[in-house]
Amino acid sequence: MPDPDSRPALKLLQTVYGYETFRGDQEAIIEHVVGGGDAFVLMPTGSGKSICYQIPALIRNGPGVVISPLIALMHDQVSALRQLGIKAACLNSSLSMDEARRTEGAYVRGEIDLLYAAPERLVTPRFLELLDRVRPGLFAIDEAHCVSQWGHDFRPEYLQLAFLRERFPGVPRLALTATADEATRRDILVRLRLDDARLFIAGFDRPNISYTVTPKLDTKSQLLRFLRRGHADDSGIVYCLTRRRVEQVAGLLVTHGFPALPYHAGLEAPQRREHQDRFLRDERTVMVATIAFGMGIDKPDVRFVAHLDLPKSLEAYYQETGRAGRDGLPAEAWMTYGLSDVVTLRSFTAQSEADEDHKRIERHKLDALLGFCETTRCRRQVMLEYFGQQLPVPCGNCDTCLNPIETWEGTVAAQMALSAVARTGQRFGAAYLVALLRGEPTERMQQFGHDRLSTFGVGKDLTKPQWHSVFRQLVAAGLLNVDIEGYGGLHLDGRSGPVLRGQEAIHFRRDPLLSETQTRKGRAEPAGGKRTRVGRKGESGEEADLGRKRARAAGKTEFDDEADQVLFDALRQTRRELAQQQGVPPYVIFHDTTLREMVQYRPADASALTALSGVGSVKLGRYGEAFLAVIRRNTPE
Ligand code: ADP
Ligand code: ZN
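Parameters at a glance
- Residues numbered from 1 in each chain as written.
- Chains lettered and ligands numbered in written order.
- Predicted model: local features only at pLDDT ≥ 70, side-chain atom pairs only at ≥ 80, totals over all residues.
- Heavy atoms only, no water.
- Pairing = 2+ DSSP bridges.
- Helix = DSSP H or I, 4+ residues; strand = E, 2+ residues; numbered from the N terminus.
- Axes fitted to C-alpha atoms, helices over the stretch in contact; angles between N-to-C directions.
- Contact = heavy atoms within 4.5 Å.
- Phe/Tyr/Trp six-rings, centres within 6.5 Å; stacked < 30°, edge-to-face > 60°.
- Buried < 20%, exposed > 50% of the residue type's maximum accessible area, 1.4 Å probe, protein only.
- Lys NZ or Arg CZ within 6 Å of the ring centre and 35° of its normal.
- Donors = N, O, S within 2.8 Å, 3.2 Å for Na, K, Ca; no water.
- Tetrahedral: all angles 85-135°; square planar, octahedral: opposite > 155°, others 65-115°.
- Parallel < 35°, antiparallel > 145°, perpendicular 65-115°, else oblique.
- Nonpolar A, V, L, I, M, F, W, Y, C, P; charged D, E, K, R; others polar.
- Core = buried A, V, L, I, M, F, W, Y, C linked by side-chain atoms within 4.5 Å.
- Salt bridge = Lys/Arg side-chain N within 4 Å of Asp/Glu carboxyl O.
- Near = heavy atom within 4 Å.
- Polar contact = N/O pair within 3.5 Å; in protein donor to acceptor, adjacent residues only side chain to side chain.
- Areas by Shrake-Rupley, 256 points an atom, 1.4 Å probe, with all protein chains shown as cover.
- pLDDT = per-residue confidence, 0-100.
- Expected span 1.5 Å × (residues − 1).

Read from one edge of the open sheet, six strands run β8-β13-β12-β9-β11-β10, paired in parallel fashion. Each having just a single partner strand, β8 (209-215) and β10 (260-263) make up the two edges of the open sheet. Pairs of neighbouring strands in the sheet enclose a mean axial angle of 15°, with direction left out of account. Here strand β9 (residues 235-239) runs beside strand β12 (residues 302-307); their pairing, made up of five bridges, is parallel. Looking at the pairing, G236 lines up with F304 of β12. Seen against the sheet, helix α11 (residues 219-230) touches β8, β9, β12 and β13 (331-337) and runs at an angle of roughly 165° to β13.

Okay, here's the thing in structure tokens:
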């Protein structure tokens, strides 16, 4: 056991935060910054970046100034710190003149350890004057990827932060982000002039998040099934591409009894704030949102992130799904995806004003994302490889690991699809082509005389969803291209020649949801040993199977023991009341992880309680008795 007295940082971790040991690079980062060094910290969401600047701010002379883009969240960040007994405050445009003046006074008198401010505030003469009166002990630049145009949350105000280096020489600066991309990373260092910063780059894996990507069939009922199966009482986020869809889906969920709220840039600011607050304070709200929502949300108990539309890139996907499971407990990332997504995103890219170089990069990013969706390998491995890291063995906690994907030899089907495209003049979309291949004539088809083509009706052996799967995979593999007008017309890529000529074989993944109706064309090649079983009504064998396996892997919300569940609920109730009294989110009182430990260890007194993770001295003093009483009441002699 290390001696905490000789390690002030560790002592603070234990007494203030109630955590036993540092994680990963935390201690090294803290030592480096306490010693006056600059640092660039790239760690995944939920891995504990905040402590890396909070503890140095407590140790160094002078308060820590934290630059954060999220005015709407500063208040919660500050209340979480105050719960720990840390003197924190924020200065932003939401304060009245009076409040701002009071905070400034406290800062000057040395009564503040951590001051949060937005970047545009920081560069005002008034603020700089304040910093000149009391020199900060450090600057922490949170969400540092906002400085980069490559990142997805570019904030021009961040560019001004480069001046800190000259203006405050000798004051260490830490830039922190969870954004993994190489280009963004380099950009941050250059733009913030972090020339001598030490880099701390952690692994990107989030092992407690399980990943599933499933083809779009009927998105809405798929979503409802997903929620009912394991998240009926959970808080989570559902991402949609457009405002209209956000409204529709939120409405649908409410109709089906889920406390869902919409969030998008089209809502008035007060309403957005109210929805965000409710999401942070409630334990089972589902936020249905565009990507306008989510940055900086540090709600620890987000149990799922669902995407009904494809995100812009694998990086964005990682970022968005990363909002799940910050508390380390099991969480799910779930996405539906179809050809229509590819059409939409390709036409976005093609129509954007960006220059050719930029477009090429965007295309490349989209291809990587499609590769992730269509993979038959472990999804986590594919994702980490994209970020330049290796996971030596498959994770066992993604859909392709839990239910290995079969492939089928689809050269003939591919040839049929490609020649249908060619014979119809390379301008029709998948729906038309599928109808043609299946010999289902429409009026339009007859007008064009396409019902007399040799490809008409040659594909009756595959079902409609199977043909859609084929077209989707041909597009994802780059054998077919989507017209840039956004109508979904498909044309051949140069790469399709060898396939059409029979010089190249094609293997398709068998989409799990479709495989219970056996493909008759082509032989199934099981990639793993699993066979389809018959599931509940309305779901395929794989789907039911996956649900069961995942529930087992997760082993979460439910306790085996009834009495444990009763205690847990009682603890949550107490936490809710305490939070309401103070107008703070429940998790700033104690996290679920701490409540779970209370159930597991049933501490009888203060010293047993303080041994639990997340019980520091201030919280022990404030809440110890209340929670001990609940434990006592619910524990038989
Ligand atoms: P990030 O900013 O990297 O997303 P946070 O700083 O919000 O992550 O930390 C995520 C969670 O992990 C928080 O609840 C935090 O209190 C907790 N945490 C951080 N460091 C430790 C540690 N050394 N031991 C236990 N829990 C920790
Ligand atoms: Zn896996």
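Enumeration over the complete set of coordinates arrives at 18 aromatic pairs. Summarising the aromatic geometry, the rings of F559 and F568 are spaced 5.2 Å apart at their centres and angled 55° between planes, so their arrangement reads as tilted. For the pair F559 and F568, one class covers both residues: buried. Directly above the ring of F279 sits K299, whose terminal nitrogen or CZ lies 5.4 Å from the centroid.

This brings us to the coordination of the zinc ion (ligand 2). Around a metal, the perfect tetrahedron of four donors has angles of 109.5 degrees, and the perfect octahedron of six donors has angles of 90 or 180 degrees. Binding of the zinc ion (ligand 2) to the protein goes through C378 (SG), C395 (SG), C398 (SG) and C401 (SG), at separations of 2.3 to 2.4 Å. Note that the zinc ion (ligand 2) binds four donor atoms; their angles at the metal cover 102 to 119°, and the shape is tetrahedral. For the zinc ion (ligand 2), the donor residues sit on a single chain with the sequence spacing C-x16-C-x2-C-x2-C. On the basis of relative accessible area, C398 is assigned to the buried category, the value being 0%. With a relative accessible area of 22%, C401 lands in the partly exposed category.

This paragraph deals with the sheet that holds strand β5 (residues 138-141). Pairing is parallel across the open sheet formed by seven strands, whose spatial order is β3-β4-β2-β5-β6-β1-β7. Edge positions in the sheet fall to β3 (88-91) and β7 (198-201), since each has one partner strand and no second. Strand after strand, the sheet turns through a mean of 20° between neighbouring axes, direction not considered. Sheet topology places β5 next to strand β6 (residues 173-177); three bridges connect them, and they run parallel. Opposite A140, over in β6, you have L174 as the bridge partner. The sheet contacts of helix α5 (residues 97-108) involve β2 (64-67), β3 and β4 (114-117), and relative to β3 the element is tilted by about 130°.

Here we come to the packing of helix α19 (residues 411-423) against helix α22 (residues 464-476). The axes of two packed helices give the description: the angle between them and the distance between them. The geometry of α19 relative to α22 is characterised by a closest axis approach of 10 Å and an angle of 75° between their N-to-C directions. Comparing the axis directions of α19 and α22 gives the class roughly perpendicular. Together, A413, A414, M416, A417, L418 and V421 of α19 and W467, V470, F471 and L474 of α22 make up the contact between the two elements. Across the contact of α19 with α22, the residue classes break down as 10 nonpolar, no polar and no charged.

Before going further, it helps to examine the nonpolar core. In terms of nonpolar packing, the biggest core is built from 130 residues, with W467 and F471 touching the most fellow members. Contact partners of W467, with chain neighbours within four places excluded, come to A413, M416, A417, V434, L437, R438, G459 and L462. With 34 residues, the next largest nonpolar core counts L12, I29, I30 and V66 among its residues.

Between side chains of opposite charge, a pair can form when the charged atoms approach closely. Following the criterion strictly, the structure yields 37 salt bridges and no others. Two residues, D327 and R303, come together in a salt bridge whose shortest N-O distance is 2.9 Å. Within this pair, whereas D327 is found in the loop between α14 (314-321) and β13, its partner R303 is found in strand β12, the two being separated by 24 residues in sequence. As far as the burial class goes, D327 and R303 line up, both buried.

It is worth spelling out the site of ligand 1 at this point. Neighbouring ligand 1 are 15 residues; Y19, G46, S50, R326 and H591 lie closest to it. At a separation of 2.8 Å, an oxygen atom of ligand 1 approaches a polar backbone atom of K49. In the model, an oxygen atom of ligand 1 is placed 2.7 Å from a nitrogen or oxygen of the R326 side chain. In the complex, 85% of the free accessible area of ligand 1, which totals 560 Å², lies under the protein chains. Per-class residue counts for the shell around ligand 1 are four nonpolar, eight polar and three charged.

Of the residues in the chain, 91% have a pLDDT of 70 or more, and the chain-wide mean is 88. Every residue in residues 515-539 is under pLDDT 50, and counting partners more than four places away or in other chains gives 59 contacts. Counting interchain partners and residues more than four positions distant, the pLDDT-below-50 stretch residues 552-556 has seven contacts.

This part covers helix α2 (residues 26-34). Regarding α2, the residues found buried are Q26, E27, I29, I30, H32 and V33. Contact partners of the buried residues in α2: α1 (8-17), β1 (39-42), α3 (50-59), β5, β6 and β7. Phi turns positive one or two residues past the end of α2, at G36, with a value near 100°.

With that settled, the discussion passes to α11. The end-to-end C-alpha separation of α11 is 17 Å, in line with the 16 Å expected for 12 residues at 1.5 Å each. Within the span of α11, buried status applies to T219, Q222, L223, L224, F226 and L227. Close packing links the buried residues of α11 with β8, β9, α12 (243-255), β12 and β13.

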